[in-house]
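Architecture at a glance
Given next are the chains, with one letter for each unit.
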Amino acid sequence: MKITIKRFDRRKEPQSIDMNYPIFEGLTLLENFIKIKTTIDPTLVFNGICRSGVCGSCSVMVNGKTTLACSYKPKDGDHIEPLNYHEVKRDLIVDKSKAHSTLETSRAAIHGDVIVENFLKVTVQSDCILCDSCFASCPVMAVNENFLGPFALSRVYKYTTIGSDSKTSIDAIQQNGVWDCTLCGECTLACPQGIDPKMDIMNLRSRSVQSGYMDPNMQNMNFGLDFTQGF
Amino acid sequence: MTTDILIIGSGGAGLSAALRAKELGADVIVATKTLPTNANTCMAQGGFNASSSEDIQIHIDDTLRSSRGLGSSIMIDLMCKSSKTSLDWLINLGVPFSLDENGDFANRFMGGSTNKRTYYAEDYTGLKILQGLYDECLKNDIKFQTNRYLLNLIADEETKEVSGATFLDIGSGNIEEIRAKSVIVATGGYSGVYHGFTTNGFGSSGDGIAATVRAGGIASDLEFVQFHPTALKKSSILISEAARGEGGYLVNSDGIRFVDELLPRDEVSRAISNELNQNKEVFLDVRHLGSEKLSHLLPQELKLCKIHENIDMANDLIPIKSVAHYTMGGIEVDQKLQVSGLKGCFAVGECSNAHIHGANRLGGNSLLEIISMGLAAGENAVNYESKNVLKDNSQLSKDKAFINAIYSNFTNQINFYEKREFLGKILYHNAGVIRNDTGLKGVLAALRQMQREFTFMGISDKSKEFNTNLIDFIEFGNALEVAEMLLVGALHRNESRGSHFREDFPGLNDTFKSHSIFWKEDGVLCAQFKDVK
Ligand SMILES: Cc1cc2nc3c(=O)[nH]c(=O)nc-3n(C[C@H](O)[C@H](O)[C@H](O)COP(=O)(O)OP(=O)(O)OC[C@H]3O[C@@H](n4cnc5c(N)ncnc54)[C@H](O)[C@@H]3O)c2cc1C
Ligand code: SF4
Ligand code: SF4
Ligand code: FES
């Protein structure tokens, strides 16, 4: 019974190697990392604070799927890697600052007055633990690294639902935002908190249209067709 | 790097302070050892106490009673009177507190409270508060320095004026200083010294308390640690009080109920420890509540029991133990939250002892404290007039030399991870729920031995970047300093009061109606009792 961890150290040659470790049975993946670090190899580095699925610090890829290490029991042959679409710093630690800067770009915060009656509509969205699992599962990241990504957009949905001024954020999510999503739903599958960013993005599209924005893909199509030709 | 106000720690206390200071026009930096939202605050489920105008006095009385003579009525007054505005402040940031069927904010009872005054946001109160505060900080352009591990405060040796702090940049391995006109320490509690026996997240090692005492500040009442009765046996993960509140039973391995489940936390914890000490197992039994009610009432716990204990709460007994949960002691502060013994330095939140919780904390009062006192700390720090911001100081070079020594001179012949685990275990069994003279002396002797052996411990990982082996080691060093104070306080407090229970002195003794205080002289720990004001 063993797992493989993709190790990375930019100062070593080769920078990246796969290492096998025994599984400590009955323990979560995070507890396995800790056992490895404290009894086998103190140089293994990873993150993890709360061990109960609320701090969002421990997400990794297990066999290509985003997983919270503290909420998963490893199986024989599992292959563990750092999160996709984040710069790997060392072993399983990635730089989340770029992903988290989408919160600023999208102006995801309350603007105007709060609408308390709408709190019930954002119960699930406000459970986000910023684990970046959705971000690391989003195929758009592979082609557009400036895409705002699922968690920031879901947050904008939350704040525009409970804040009286939605314009500030709606304006901020037109570029590299709601219209760049392919509605593939990978983010929704990845979220450990049951959040559905895809649905939130669809709703934000309607809100954008209500605020006078148009789907730029539609606009392009219009430009491509010459309606006058037949006349 | 320089700023007006340096805030160390990004839990609820640190972020509230940052927002108030920024609002008042100050330039603010928040430095934290991981990412901003990775603080313990995110783990709080139960709720936030706020009293209506008719309830304020009763809230004050409840808090005072729970403090067992060690709470300051002035500070408790201040906190309870600002509780409603603190709650409203969070609501206006968009923290979606739960509503009842009439559309009013919902609240519930917490153990030890006379009235219903605990407001909650589903069972994710702390998470939603912390994420909301973070979003608001970004909106207000508050600067974060992430992956910065506090090493020491920068204090003038003569004037005791604090003008910043030194940090290990975990990402690069560099040691750097951030200078500021005033500093707010908001680094959280020290339940993590009970390694393996705490509900808290990793890294709750009391770093800020240790650093403050090293800089010449004073700490107090460290022997007061609240143990939560119901944590999962293997993983120490919290099963919330709601389980008992809603009718869960506690039974031992003979299937017998041995305590009234609704007594205060310390009494239930003692009853559980008594059973465990007789080599019995203890279980929480919520099977009779049925799976539907459980999935509504305790959704997180349902998941956590499955993952960590491989059991289904609706059909199985839940094996539990009592573990360290909240630390009442901490950095001694005055009514302005200024650290005693230092100038220009404030402390707030669980790392501080503002004489609010005294010998025991009331559930829901901690989230309240971090917000209401956090805001106050931000304001007081802005109003502080500093004297000597950029005066030269040797702290940075001392810390560089210390870290260099760990890399080069510490022999690493003793595995500190083994020692950390051992310390957690002996602290839990001898300085935990039930304490006595012999046990406490034994642990103190073992701890002092570890302090002597410290240079024979060390690190195996010699990389500079993201060296978490090094971080674990420095944290262990801080835990040793904090645990020493805890033990000295517990050993000299020959009475039982609140969370501190001595089986050899089971009664309250008012000659000890006083605060234990701790400071260092030439690196040596000093302690005495000081009367309650
Ligand atoms: C499981 C659990 C449930 C709880 N439930 C409730 C509840 O229902 N109601 C209630 O009122 N209270 C509850 N509490 C208690 C409450 O959550 C905490 O007391 C409170 O959140 C502490 O907030 P804080 O801001 O003081 O510290 P924390 O949230 O612990 O934040 C400390 C910050 O300091 C940083 N830090 C620490 N050391 C360093 C260092 N060396 N260098 C740089 N940064 C550092 C950390 O990274 C972190 O950002 C609960 C606690 C736990 C563990
Ligand atoms: S639905 Fe949109 S945001 Fe979600 S993963 Fe797919 S492309 Fe990304
Ligand atoms: S939306 Fe879900 S997956 Fe994405 S960061 Fe938040 S909790 Fe994680
Ligand atoms: S350790 Fe906090 S989410 Fe996994």
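Given the structure is predicted, the values throughout are model-derived calculations rather than measurements. Chains are numbered independently. Their residues run from 1 in the order of the written sequence. Chain labels run from A onward and ligand labels from 1 onward, assigned in the order the entries are written. Confidence filtering applies because this is a predicted model: local features only for residues at pLDDT of at least 70, side-chain atom pairs given and counted only at 80 or more, and all residues used for totals across whole chains, interfaces and linings. Side-chain metrics rest on all non-hydrogen atoms present in the structure, leaving aside hydrogens and water.

1. So, the nonpolar core
For the purposes of this section, nonpolar cores are sets of buried Ala, Val, Leu, Ile, Met, Phe, Trp, Tyr and Cys residues that join through side-chain atoms within 4.5 Å. Residue exposure (1.4 Å probe, protein chains only): buried if accessible area is under 20% of the type maximum, exposed if over 50%, otherwise partly exposed. Counting 202 residues, the largest nonpolar core has Phe33 of chain A together with Leu6, Phe48, Leu153 and Tyr194 of chain B as its most contacted members. The way it works is that DSSP assigns letters per residue, a run of H or I at least four long becomes a helix, a run of E at least two long becomes a strand, and they are numbered from the N terminus. Here this core takes 15 residues from helix 15 (residues 468-492) of chain B, the largest share from any one element. The residues contacting Phe33 of chain A, other than those within four sequence positions of it, are Ile5, Leu44, Phe46, Ala69, Ile80 and Leu92 of chain A. Ranked by size, the runner-up nonpolar core spans 23 residues in total, among them Leu250, Ala271, Leu294 and Ala314 of chain B. Working rule for contacts: check all heavy atoms of both residues, and any pair within 4.5 Å makes them a contact.

2. Things to note about the domain arrangement of chain B
Often the size quoted for an interface is simply the accessible area lost on bringing the parts together. All names here are of chain B. The split of the chain into domains comes from an automatic or database domain assignment. Examined at the domain level, chain B breaks down into domain 1 (230-323) and domain 2 (394-531). Taking the mean C-alpha position of each, domain 1 and domain 2 sit 30 Å from one another. In this complex, domain 1 contributes 9 residues to the contact, which on the side of domain 2 involves 6 residues. Buried area between domain 1 and domain 2, summed over both chains or domains, comes out near 560 Å², and the portion from carbon and sulfur atoms is 63%. Salt bridges are defined as contacts in which a side-chain nitrogen from Lys or Arg sits within 4 Å of a carboxyl oxygen from Asp or Glu. For the pair domain 1 and domain 2, the number of links is 0 salt bridges. For the purposes of these results, a polar contact is taken to be a pair of N or O atoms within 3.5 Å, where, inside protein, one atom must be able to donate a hydrogen and its partner to accept one; residues adjacent in sequence count only when each atom of the pair is a side-chain atom. Summed over the shared surface of domain 1 and domain 2, the result is 1 residue pair in polar contact (both at pLDDT 80 or more). Elements that contribute at least two residues to the side of domain 1 that touches domain 2 include exactly helix 8 (265-277) and strand 14 (318-327). In terms of residue count, helix 8 provides more of the side of domain 1 that touches domain 2 than any other element does, 6 residues in total. Of the residues belonging to the side of domain 1 that touches domain 2, the class tally is 1 nonpolar, 5 polar and 3 charged. Summed over both partners, the accessible area lost on bringing two parts together, with a 1.4 Å probe, is the buried area. Gly counts as polar in this scheme, as do all residues outside two lists: the nonpolar Ala, Val, Leu, Ile, Met, Phe, Trp, Tyr, Cys and Pro, and the charged Asp, Glu, Lys and Arg.

3. Comments concerning the environment of Leu427 of chain B
Residue and element names in this part refer to chain B. Following the sequence through the fold, Leu427 ends up in helix 13 (residues 416-430). In this structure Leu427 comes out as buried when scored by relative accessible area, which is 0%. Here Leu427 is in contact with Val193, Tyr194, Gly432, Val443, Ala483 and Leu487, once residues within four sequence places are set aside.

4. What about the site of ligand 2?
Residue and element names in this part refer to chain A. For this purpose, a residue is taken to be near a molecule or strand whenever a single non-hydrogen atom of the residue falls within 4 Å of it. Near ligand 2 you find 14 residues, and of these Cys138, Cys181, Cys184, Gly185 and Cys187 are the closest. Taken together, the elements giving at least two residues each to the shell around ligand 2 come down to helix 7 (186-190) and helix 8 (197-210). Class assignment of the residues belonging to the shell around ligand 2 gives a composition of 10 nonpolar, 2 polar and 2 charged.

5. Topic: helix 14 (residues 437-453) of chain B
Residues and elements named next belong to chain B. With 17 residues, helix 14 extends 24 Å between its outermost C-alpha atoms, agreeing within 8% with the 24 Å of an ideal straight helix rising 1.5 Å per residue. Taken together, the buried residues of helix 14 touch helix 13 and helix 15. The opening residue of helix 14, the one whose side-chain oxygen lies 3.3 Å from the backbone nitrogen of Thr438, is Asn436. By this rule, a helix spans an expected 1.5 Å times one less than how many residues it contains.

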